[in-house]
Each structure stands twice: as structure tokens, then as C-alpha cells.
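Topology and contacts: notes
The chain contents come next:
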Amino acid sequence: MLANGGWIDPPNQGVPEAEKPIMSSHSSAPSRGFPADFQAWFEHAQDPFLLLDSDCVVLAATEAALRIVRTLREEVVGKRIFDVFPDAPNLRASLDRKRHSAESGPMPDSGRYLLWINPADARLRDPDHFIAVIDDSSQTQPGEHALEESEQKYRALFENSREALMVYSPPSRQVTSASRIALQMFGANTLDALSSLGLSPQFQPDGALSAEKEKEMMDIAMRQGHHRFEWMHQRADGTIFPAEVRLTRIESAAQVFIQASLRDISAPKRMEQKFRDQARKKHSLNRHQVAARTASLFAHELNQPLMAISSFSETALMMLHSLNPDRIRIGKAIENGKRQALRAGLAVQQLLDLLNMEETGTEKFNLAQEVVNLFNFTRSGQEYQFHSELRLANDLPPVTANRIQVHKAIQNLLNNSIEAMEADGGLFPTIIVTVKAHEEGMAMISIQDNGPGIPLENRDHLFEPFFTTKANGVGMGLVISRSLIEVNGGFLWLDHQENRGATFHLTLPLAYE
Ligand code: ADP
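Let me sum up the structure you'll find in this document. Predicted, not measured: the structure shown is a model, and the values here were computed from it.

Quick look at the site of the ligand
Around the ligand there are 20 residues in total, and Thr 468, Thr 469, Lys 470, Gly 475 and Leu 478 lie nearest to it. Measuring from an oxygen atom of the ligand, one finds a side-chain N or O atom of Lys 470 at 2.7 Å. Between an oxygen atom of the ligand and a main-chain N or O atom of Gly 475, the distance comes to 2.9 Å. In isolation the ligand has 530 Å² of accessible area, and contact with the protein removes 92% of it. For the shell around the ligand, the elements supplying multiple residues, two or more each, are helix H13 (403–424), helix H15 (477–487) and strand S16 (502–509). The element that contributes the greatest number of residues to the shell around the ligand is H13, accounting for four residues. Of the residues contributing to the shell around the ligand, the split by class is nine nonpolar, nine polar and two charged.

Some points on the sheet that holds strand S14 (residues 442–449)
Strand order in the open sheet made by the five strands is S11-S13-S14-S16-S15, with mixed pairing throughout. Edge positions in the open sheet fall to strand S11 (387–392) and strand S15 (492–494), since each of these has one partner strand only. Adjacent strand axes in the sheet meet at a mean angle of 15 degrees when their direction is disregarded. In the sheet, S15 pairs with S16 via three bridges, with the strands oriented antiparallel.

Thoughts on the side chain of Thr 430
Relative to the helices and strands, Thr 430 is located in strand S13 (residues 430–437). Look at Thr 430 and you get buried, because its relative accessible area is 16%. Those residues within four positions of Thr 430 in sequence are excluded, and the remaining contacts are His 387, Ser 388, Met 421, Gln 448, Asp 449 and Asn 450.

Quick notes on the layout of surface pockets
Estimates place the volume of the largest pocket at around 960 Å³. Along its surface, the largest pocket is lined by 37 residues, and Asn 416, Glu 419, Thr 468, Lys 470 and Leu 478 are the ones closest to its centre. At the level of secondary structure, the elements contributing two or more residues to the lining of the largest pocket comprise helix H11 (327–355), H13, H15 and S16. Here the lining of the largest pocket takes 11 residues from H13, the largest share from any one element. In terms of residue class, the lining of the largest pocket is made up of 16 nonpolar, 15 polar and six charged.

What about unusual backbone geometry?
For the bond running from Pro 170 to Pro 171, omega is 5 degrees, close enough to zero to count as cis. Position of Pro 171 among the secondary structure elements: in the loop between strand S5 (164–168) and strand S6 (175–178). At Leu 199, a position not held by glycine, the phi torsion is positive, near 70 degrees. Relative to the elements of secondary structure, Leu 199 occurs in the loop between helix H8 (191–195) and helix H9 (210–224).

Observations concerning H15
The buried fraction of H15 is high, at nine of 11 residues. Within H15 the residues assigned to the buried category are Leu 478, Val 479, Ile 480, Ser 481, Ser 483, Leu 484, Ile 485, Glu 486 and Val 487. Downstream of H15 by a residue or two, Gly 489 has a phi angle that is positive, lying close to 85 degrees.

Considering helix H12 (residues 367–380)
With 14 residues, H12 extends 20 Å between its outermost C-alpha atoms, agreeing within 8% with the 20 Å of an ideal straight helix rising 1.5 Å per residue. Among all positions in H12, only Leu 367, Ala 368, Glu 370, Val 371, Val 372, Leu 374, Phe 375 and Thr 378 are buried.

Structural notes on the nonpolar core
Ranked by internal contacts, the top residues of the largest apolar core, which has 42 residues, are Ile 410, Ile 431, Ile 445 and Phe 504. Secondary-structure elements contributing two or more residues to this core are H12, strand S12 (399–401), H13, S13, S14, H15, S15 and S16. The greatest single-element share of this core, amounting to seven residues, is contributed by H13. Leaving out residues up to four positions away in the same chain, Ile 410 has contacts with Val 371, Leu 374, Ile 445, Ile 447 and Leu 506.

So, the pattern of salt bridges
If the charged atoms of two oppositely charged side chains come close together, the side chains can form a pair. Counted under the stated rule, the structure contains 12 salt bridges. Two residues, Lys 364 and Glu 230, come together in a salt bridge whose shortest N-O distance is 3.0 Å. Here Lys 364 is found in strand S10 (residues 363–365), whereas its partner Glu 230 is found in strand S7 (residues 226–234), with 134 residues between them in sequence. Judged by relative accessible area, Lys 364 falls into the partly exposed class, the value being 41%.

Cut-off values and rules
Residues numbered from 1 in each chain as written. Predicted model: local features only at pLDDT ≥ 70, side-chain atom pairs only at ≥ 80, totals over all residues. Heavy atoms only, no water. Near = heavy atom within 4 Å. Polar contact = N/O pair within 3.5 Å; in protein donor to acceptor, adjacent residues only side chain to side chain. Areas by Shrake-Rupley, 256 points an atom, 1.4 Å probe, with all protein chains shown as cover. Helix = DSSP H or I, 4+ residues; strand = E, 2+ residues; numbered from the N terminus. Nonpolar A, V, L, I, M, F, W, Y, C, P; charged D, E, K, R; others polar. Pairing = 2+ DSSP bridges. Axes fitted to C-alpha atoms, helices over the stretch in contact; angles between N-to-C directions. Buried < 20%, exposed > 50% of the residue type's maximum accessible area, 1.4 Å probe, protein only. Contact = heavy atoms within 4.5 Å. 1 Å grid on protein atoms, 1.4 Å probe; cavity = no way out; pocket = protein on both sides within 12 Å on 5 of 7 lines; lining within 4 Å. Points joined across faces, edges and corners; volume = space filled by probe spheres on them. Expected span 1.5 Å × (residues − 1). Core = buried A, V, L, I, M, F, W, Y, C linked by side-chain atoms within 4.5 Å. Salt bridge = Lys/Arg side-chain N within 4 Å of Asp/Glu carboxyl O.

In C-alpha cells:
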């Protein structure tokens, strides 16, 4: 799966043979799976480009490329590049050795073509695909001159790229070249002007010094080949903006350098904030409605344990003042009073939790991983034995939410399932937890148990404050869990299936890429 959300179909997976655009003999570029701007760029490119996948199969060719190799599209597209250029022995070696590096492969006979494999072309943002530029060096002198021309061509491609691209020559952290868009992004007219800027505020949002963290990021990219992360940058006019940065290590014959591809994500971040504000507003309304209803129910509910405490105390006193006080019965009455007092205390505590529930910051995290940890934690604290199954989508993007609030809600649902199954005493108690993508932009967790389920007459009351069927229950768990999920922009509901057991679903918004 590609890190950027998989906009390109892997050549041999998932797409029926008939639909595979890469094999198309009519179009010059793949028609699906590519971002529209890339496709438009490729289709209109005047340069002789070939698009290759990681197996070096040609996925598409421009008209100019076909003119140079003087052949039909069918002869090129769908074939491995070694078969298209069998007389380029260096090609295989250079591609096998350094897939992502810029390498030339001069033809042995008369230097007909020169292939320039563009390292991790920024437009693709995908290290598993390449663009090869075919240089018709039959028009020029082979050798040095052709190489130089090709380098110039690459530089021109780089500088005119629609992406904000910058190149560094580690260990120096000075920018050595930058595309036009990168200069515009920072508000600099020239490379010198750009180099003189700090490019980042002194600190990153996590409190780290930008200079130190920058070095750390470069080191990771040098070690791993590429590294992607979010970064706060600063323009020439001092404004700070969030960017998604992708660093790629590029090895040429002479040196190793780092290409940085930047994307200004201020707009998606603003959308995310707006979305959150709306969710918070809605939640706040919802919480106040719940609190108002809870307060009236609360007075009524609290009355019950208070009355009980008062009557147990009265009984105990009466027995104490009798001629033959029965210590055991007095003890029982006091014990009952204590249990009721604890119940009332718990209800007060949970009401306060609901009223004090404020968002204390969100973070991006892997939901599936979080669910596994929480599930194992819950299970390890249980004496009751049950079976379990975790069905986790492994390519789910992270969610943005308040981790503690989400924990609390999931924990409550798991506890409810465990308590229901334990009380039921069924033969093969099982919990199935599923984490997968839901509708547009949401992740969904489903918690299913095979306990007694929820009788029809109770279903409409589950999310009402103080609704409980448990002897020692308070009936605030589901109310609070729903509020916790809603404040994070999601929903929590009961599946109204008629099967045995109960299934609760909750959703959370995926983090904006
Ligand atoms: P409490 O756990 O204090 O009763 P909750 O709000 O968490 O409060 O739950 C309310 C009621 O919903 C429970 O008393 C129970 O009747 C019902 N319930 C919740 N989850 C389940 C479940 N998984 N299976 C059966 N009943 C459930």
C-alpha cells in the first residue's frame, strides 16, 4: 500500500485484466488510479517520458517517447524496460543496484538513446514508480555532452515541477536547489534569498528546537531512504504554516543528496479545525441537554438510595434499642445502608464526570493498535475467561481524537459485554472486535458479544441517564461513552440486529492527510 493513500493501482492487484489502464493501447497515460494533475501533466508532456513500476514494467509512454524509439505503443507499454532496450546492459545493473537513483544507461551501439531514470519523481510521490526520460542523443554527440544535456533536462524538470521541491546536500542543511513553487511557497525570489531564510520557526509544536529536529529528520531519511512527517515552516514575511514534508535520499554517481517535497496543508488543517469546532459545539449542546435531563432524573434517582439508607439506619437503630439487640441483623442493615451510600456516591461521581468532560487535546494515532493494547489490558485485569477475535484492517489511516476519551468509551463497552456474558453464564462466551474503514473519512469499531443481548423493550432506554438492569449499576456508562465519542466527532450506537448478543458500533474521524 502506498503511503499517500494508494492513488495508483498496483499493476497486478485488484484491477480486472480488462480494466487495467497500464495495458491500454489507446491512451498515453493510465486513466485511473493517478491524481488528475499528474495524468494531465503526463498526457500533455512534450518530453519523451516512460512511466515505470517497481518491476521496471512500462506503464505508460508519451507520444514523444514513441517517436524516438520509432515503435507502436503496444510494443512498449506492458513490457519490461530491459526488453524494450535489450542493448542497454548497464540499465539492469543500475536499476537493480540503485532503484531510486539517477543513472544513465548509454546504449553500446552508437549511443542511440540515453535513459535518464528520474529519481522518485516528485509528481508521483511514490518511490516505487519511476519516470524514465529517453534522450535522443543520435542528434548530438554521445557521451559527456549528452549526459550534460540530460542533467539539464532533469534540472529543468525539477525547477518547473508543480511541487515545492528542495534539495539538500547532507550533512549541510543548506538548500542547494529549489523548484519555482518552493520559492513561491516561502515568498523568496531567488535561491539565495531562500537560503538566507530560516524556513522554520524556532520551535516545532512538540516543543523541540526546529534545528535539532531537522537534523533528526534528515538522519532518518538518510538511513531509511525516505521519511514523511508534518512540519511547521515559516515564510519570508514571518507567517507560519503547516506542511507535509517527504524527504527522499537520492544517490547519484558522485554524491548523495536529499530531495524534500513539501505540501502546504494549511487548508486541510483549517478544515479539520472547523470540523472539530462544529463537533465540539454539537457536543456541548448535546452535553447540556443530557446534563439538564440528568439533573432532574438525578434528584429522583438519588432519592432512592437516600431513602434506602435512611430506612436501613432506622431499622438498625430500632434493633439497637430493643431489649435483645440482634447483632447479625443490625450488621446486615448497616451493610445494606453502606452499599446504597456507595451507589449514590458513584452516581454523583459519574454525573460530575459528564459535566466536567472537556476536550483536552487531540492526537493522531493508530486505532487498531490502540484497540489491541486496550483489549489486552482489559483482558489481563479479568478473572472471567472468554474467547475473543480481533478483526483489524491493517491499512487504516490514523484517526485524530483524544486518546483518553476514546479509551474510556471503548473500555466501558468492553466491560459491559464482559459483565453481560458473565451474568448470562453462556457456554462459549466470545467478544469480536472489528476495526475498519466506515463511510467517507471515518473509522469504525464494532464490539460484539454473545451474551444475553438487549430485550426489545430496553433498547430505546439504553442511552438514557440512570437506565440500568444491573443490581449495582448506575446507568451512566453508555450516556458518558456516547458523549465522549461525539465530542471527538464520531457516533456511538447499538446495532438493532435480532441475533443473540449485543453489538455496539462507534465511529471516529480519520486524520486528514
Ligand atoms: P450500567 O453498566 O451502570 O448499567 P450502562 O449505561 O453502561 O450502565 O448500561 C446500561 C444498561 O445497558 C445495562 O444495565 C445493561 O442492561 C445494558 N447493556 C449495555 N451493554 C450491554 C451488553 N453488551 N449486553 C447486554 N446488555 C447491555
